[in-house]
Amino acid sequence: VQLQASGGGSVQAGGSLRLSCVASGRTFSSYAMGWFRQAPGKEREFVAAISWSGGNTFYADSVKGRFTISRDNAKNTVYLQMNSLKPEDTAVYYCAAEEGSYDSDYSRRATSAGEYDYWGQGTQVTVSS
């Protein structure tokens, strides 16, 4: 599967952005999806994840209550709505796809970058104070 992320940009603190990630190739509903981010000089970190049907979502504590992940399987797209943005949200944001199946281990896999099989190219988000 190929992943194409878009929607990044520059905003002031308190603003909003919506990231999109369009998948092409295999059936989109075959993948659990996640968003990760990487700031300069830092390791890639988990942001949010959503299960195959969208029935389960997970968030990093740092974005809980501000970010919302969703998916539209008919459009092969996963979204990340980001509200109340802070300067510390500045990073390159990556979408990722996981081929595994929904089981008792999914909640652990969902937050681990190493468990994802495919990655998009990243989109830059810059939040100024």
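Residues numbered from 1 in each chain as written. Predicted model: local features only at pLDDT ≥ 70, side-chain atom pairs only at ≥ 80, totals over all residues. Heavy atoms only, no water.

Caption draft 1: Fine view of the pairing of strand 5 (residues 45–50). Burial runs high along strand 5: five of the six residues are buried. Note that strand 4 (residues 32–38) and strand 5 share five bridges and pair antiparallel. Across the sheet, F36 pairs through a bridge with F46, a residue of strand 5. Here strand 4 hands over to strand 5 after six residues, with G41 in that stretch at a positive phi of 75°. The pairing of strand 5 with strand 6 (residues 57–59) spans three bridges and is classified as antiparallel. (Buried < 20%, exposed > 50% of the residue type's maximum accessible area, 1.4 Å probe, protein only. Helix = DSSP H or I, 4+ residues; strand = E, 2+ residues; numbered from the N terminus. Pairing = 2+ DSSP bridges.)

Caption draft 2: A look at the pattern of salt bridges. Inspection of every chain in the model, using the stated rule, returns nine salt bridges. Residue R37 pairs with E45 through a salt bridge whose shortest N-O separation is 2.6 Å. Taking the shortest distance from any N to any O, the salt bridge between R37 and D89 comes out at 2.9 Å. Residue R37 is found in strand 4, and its partner D89 is found in the loop between strand 8 (77–82) and strand 9 (91–98); the two are separated by 52 residues along the sequence. (Salt bridge = Lys/Arg side-chain N within 4 Å of Asp/Glu carboxyl O.)

Take it as geometry only, folks, not as evidence of what the structure does.
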